[in-house]
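Commentary on secondary and tertiary structure
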Amino acid sequence: MNRKTPKRARTHSSARAQSFRCLQCGLDISMSAMGTSHRNHCPNCLWSRHLDDTPGDRAADCGARMEPLAISVRGDGEWVIVHRCTGCGVLHANRTAGDDNALPLTRLAVRPLAQPPFPFERLAGL
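Below or above, wherever it landed, is the structure these notes cover. Given the structure is predicted, the values throughout are model-derived calculations rather than measurements. (Residues numbered from 1 in each chain as written. Predicted model: local features only at pLDDT ≥ 70, side-chain atom pairs only at ≥ 80, totals over all residues. Heavy atoms only, no water.)

1. What to know about the overall build of the protein chain
What counts here: Put simply, DSSP H or I for four residues or longer makes a helix, DSSP E for two residues or longer makes a strand, and each gets a number counted from the N terminus. Only protein chains enter the area calculation, which uses a 1.4 Å probe; residues under 20% of their type maximum are buried, those over 50% are exposed, and those in between are partly exposed. When checking whether two residues touch, look at their non-hydrogen atoms; a contact exists if any pair is within 4.5 Å.
Each helix and strand counted, the protein chain has 3 helices and 6 strands in total. Each helix and strand of the protein chain, ordered N terminal to C terminal, gives the series α-β-β-β-β-β-β-α-α. Taken over 126 residues, the protein chain has a buried fraction of 29%. In the protein chain, of all internal contacts separated by at least 6 residues, the share reaching a separation of at least 24 is 34%.

2. A short note on the sheet that holds strand E4 (residues 65-73)
The line we're drawing: Think of it this way: DSSP has to see at least two bridges between two strands before they count as a pair.
Overall, antiparallel pairing links the 4 strands, which are arranged E3-E4-E5-E6 in an open sheet. This sheet does not close on itself; its edge strands, each paired only once, are strand E3 (48-49) and strand E6 (91-95).

3. Some words on the pattern of salt bridges
Note the cut-off: Counted as salt bridges are all cases of a side-chain nitrogen of Lys or Arg within 4 Å of a carboxyl oxygen of Asp or Glu.
This structure, assessed with the given rule, holds 5 salt bridges. The shortest N-O distance in the salt bridge between Arg74 and Glu78 comes to 2.8 Å. Accessibility expressed as a relative area gives 17% for Glu78, which makes it buried. Salt-bridge contacts for Arg95 lead to Glu78; the nearest nitrogen and oxygen are separated by 2.6 Å. In this pair, Arg95 is assigned in strand E6 and Glu78 in the loop between E4 and strand E5 (79-85), connecting sequence segments 17 residues apart. Salt bridges sharing common partners tie together Arg74, Glu78 and Arg95.

4. Topic: helix H2 (residues 102-114)
Defined as follows: The span one expects for a helix is its residue count, reduced by one, times 1.5 Å. Note on bend: at a given residue it equals the angle between the axes fitted to the 7 residues ending there and to the 7 starting there. Pairing of N or O atoms within 3.5 Å defines a polar contact, subject to two protein rules: one partner must be a possible hydrogen donor and the other a possible acceptor, and residues neighboring in sequence count only if both atoms are side-chain atoms.
Here H2 is 13 residues long and its end C-alpha atoms lie 17 Å apart, about the 18 Å a rise of 1.5 Å per residue gives. Leu108 marks where H2 bends most, by close to 35°; the proline Pro112 follows one to four residues later. The elements touched by buried residues of H2 are E4 and E5. Two or three places before Leu103, at the opening of H2, Asn101 has a side-chain oxygen 2.9 Å from that residue's backbone nitrogen.

5. A look at the environment of Asn101
Mapping Asn101 onto the fold places it in the loop between E6 and H2. In this structure Asn101 comes out as partly exposed when scored by relative accessible area, which is 29%. Once the C-alpha coordinates of Asn101 and Asn44 are considered, the two residues, 57 residues apart in sequence, prove to be 5.5 Å apart. Contact partners of Asn101, with chain neighbours within four places excluded, come to Pro43 and Asn44.

6. Points about the side chain of His92
By the element assignment, His92 lies in strand E6. When sequence neighbours within four positions are dropped, the list of residues in contact with His92 reads His50, Asp52, Asp53, Met66, Ile81, Val82 and His83.

7. Considerations on the side chain of Ser48
Note that Ser48 resides in strand E3. Polar contacts involving the side chain of Ser48 include one to the main-chain carbonyl oxygen of Asn40, which spans 2.2 Å. With residues near it in sequence (within four places) discarded, Ser48 still touches Asn40, His41, Ala64, Arg65, Met66 and His83.

8. Quick look at the pairing of E6
Residues His92 and Asn94 of E6 are buried on one face, while the alternating residues Leu91, Ala93 and Arg95, pointing to the opposite face, are not. Taken together, E5 and the strand that follows it, E6, pair antiparallel across an intervening segment of 5 residues, in which Gly89 is found at a positive phi of about 85°.

Written out as structure tokens, the structure is:
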């Protein structure tokens, strides 16, 4: 390789990585997971890295950490994690995996109740 080779071509070889290290908590994570074919977040802390434009394409140039913001539930009952990139601000919805830690998932799901955007006392006056 030489200096004229684009960065993306230099950093991604034809062989897929079998694991990655979480940029947030430092855990070594296997790329295989139940429930998803494109592991993109840490099952321990739920943080991700901005690598994809569409799931699995590894085409994003940003590479910044992606903070888990919320849980959304699809029509079929599947939970997805809403991530926001700390670098460019893009939002992504990522499928949960079978080995995701239930505690941070639950914390995300109840965050609107634990930290409401308005005082609950106002509801009493309605």
